[in-house]
Amino acid sequence: MATWRGLLRQAAEVGLKLLTRPNERRSARSAPTRPRTRTALARDRARRIAYAPDLDGAADPGEIVWAWVPFEEGDGRGKDRPVLLVGREGRELLGLMLSSQAERADDRNWVGIGSGKWGGQGRPSYVRLDRVVEVGEHEIRREGAVLDEARFARVAGELRSRYGWS
């Protein structure tokens, strides 16, 4: 009887260790995957500009959405930020990241678009023109707002004149 008790105790300890020990294979499989968002220089990625907003739950050009944007260093880091969608290429959306940092007002690579519903604090926003964000339509975190056609046309005009977009 004593041997059975010892065996049962050992089996219980082994079982508890298996249940409480992190399973590397299981956690690797269930870990959230990093979005495949990429960036490119606007002059190298000239495409057709589109304005077709429709707040239907799917992201469309002309809308400001939230997406994960990699840092320029290309080291795998990045952050969620607002992005103005300016075109579509298959299942990929082309966008330009936004910032509310006031020093962007004097930067040649940024154009002001004012404030809107996408920014919770009502601060003016700036769109970065020289760096395009390529994001899959299923990697959009959420829709923020529609940028009115006049402000969108200003951004589109800058892309056309500076980088040859059509």
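Residues numbered from 1 in each chain as written. Predicted model: local features only at pLDDT ≥ 70, side-chain atom pairs only at ≥ 80, totals over all residues. Heavy atoms only, no water.

Student: I tried to follow the nonpolar core on my own but got confused; where do I start?
Tutor: A general trend in soluble globular proteins is that nonpolar side chains are found buried together. With 22 residues, the main nonpolar core has Leu84 and Trp165 as its most contacted residues. Those elements giving two or more residues to this core turn out to be β3 (78-89), β4 (92-99), β5 (110-114), β6 (125-136) and α3 (149-163). The leading source of residues in this core is α3, at five residues. Once residues within four sequence positions are removed from consideration, Leu84 is found in contact with Gly62, Glu63, Ile64, Leu94, Gly95, Leu96, Leu98, Val127, Leu147, Phe152 and Val155. Membership of the second largest hydrophobic core comes to 13 residues, among which are Val65, Val69, Trp110 and Tyr126. (Core = buried A, V, L, I, M, F, W, Y, C linked by side-chain atoms within 4.5 Å. Buried < 20%, exposed > 50% of the residue type's maximum accessible area, 1.4 Å probe, protein only. Helix = DSSP H or I, 4+ residues; strand = E, 2+ residues; numbered from the N terminus. Contact = heavy atoms within 4.5 Å.)

Student: Could you clarify how one ought to interpret the layout of surface pockets in this entry?
Tutor: Gaps left between atoms show up when a probe the size of a water molecule is rolled over them. Estimates place the volume of the largest pocket at around 290 Å³. Lining the largest pocket we find 16 residues, and of these Trp66, Pro82, Ser99, Ser100 and Arg123 sit closest to its centre. Among the elements of the structure, β3 and β4 are those that each provide at least two residues to the lining of the largest pocket. The leading source of residues in the lining of the largest pocket is β3, at four residues. (1 Å grid on protein atoms, 1.4 Å probe; cavity = no way out; pocket = protein on both sides within 12 Å on 5 of 7 lines; lining within 4 Å. Points joined across faces, edges and corners; volume = space filled by probe spheres on them.)

Student: Help me understand the environment of Val86 in this model?
Tutor: Relative to the helices and strands, Val86 resides in strand β3. Residue classification places Val86 among the buried positions, given a relative accessible area of 1%. Separated by 34 residues in the primary sequence, Val86 and Ala52 place their C-alpha atoms 9.2 Å from one another. Beyond its immediate chain neighbours, meaning those up to four positions away, Val86 contacts Arg48, Ile49, Ala50, Pro61, Leu94, Gly95, Leu96, Phe152, Leu159 and Trp165.

Student: Explain the side chain of Asp60 here, please?
Tutor: Secondary-structure assignment places Asp60 in the loop between β1 (38-41) and β2 (63-70). For Asp60, which is buried and forms no salt bridge, the nearest opposite charge comes from Arg88, at a distance of 4.2 Å. Look past the residues within four positions of Asp60 in its chain and what remains in contact with it is Ala52, Pro53, Asp54, Leu85 and Arg88. (Lys, Arg positive; Asp, Glu negative; His and termini not counted. Salt bridge = Lys/Arg side-chain N within 4 Å of Asp/Glu carboxyl O.)

Student: Could you clarify how one ought to interpret α3 in this entry?
Tutor: An α-helical segment advances 3.6 residues per turn. Residues three or four places apart therefore align on the same side. Along its 15 residues, α3 runs 20 Å from first to last C-alpha, staying within 8% of the 21 Å computed at 1.5 Å per residue. Taken residue by residue, α3 has Phe152, Val155, Ala156, Leu159 and Tyr163 as its buried positions. Along the long axis of α3, the arc covered by the buried residues comes to 100 degrees, so they all point the same way. Summarising the geometry of α3, the exposed residues directed more than 90 degrees from the buried face are Ala150 and Ser161. In this structure, the buried side of α3 is in contact with β3, β4, β5 and β6. Phi turns positive one or two residues past the end of α3, at Gly164, with a value near 75 degrees. (Expected span 1.5 Å × (residues − 1). Arc of directions from axis to C-beta.)

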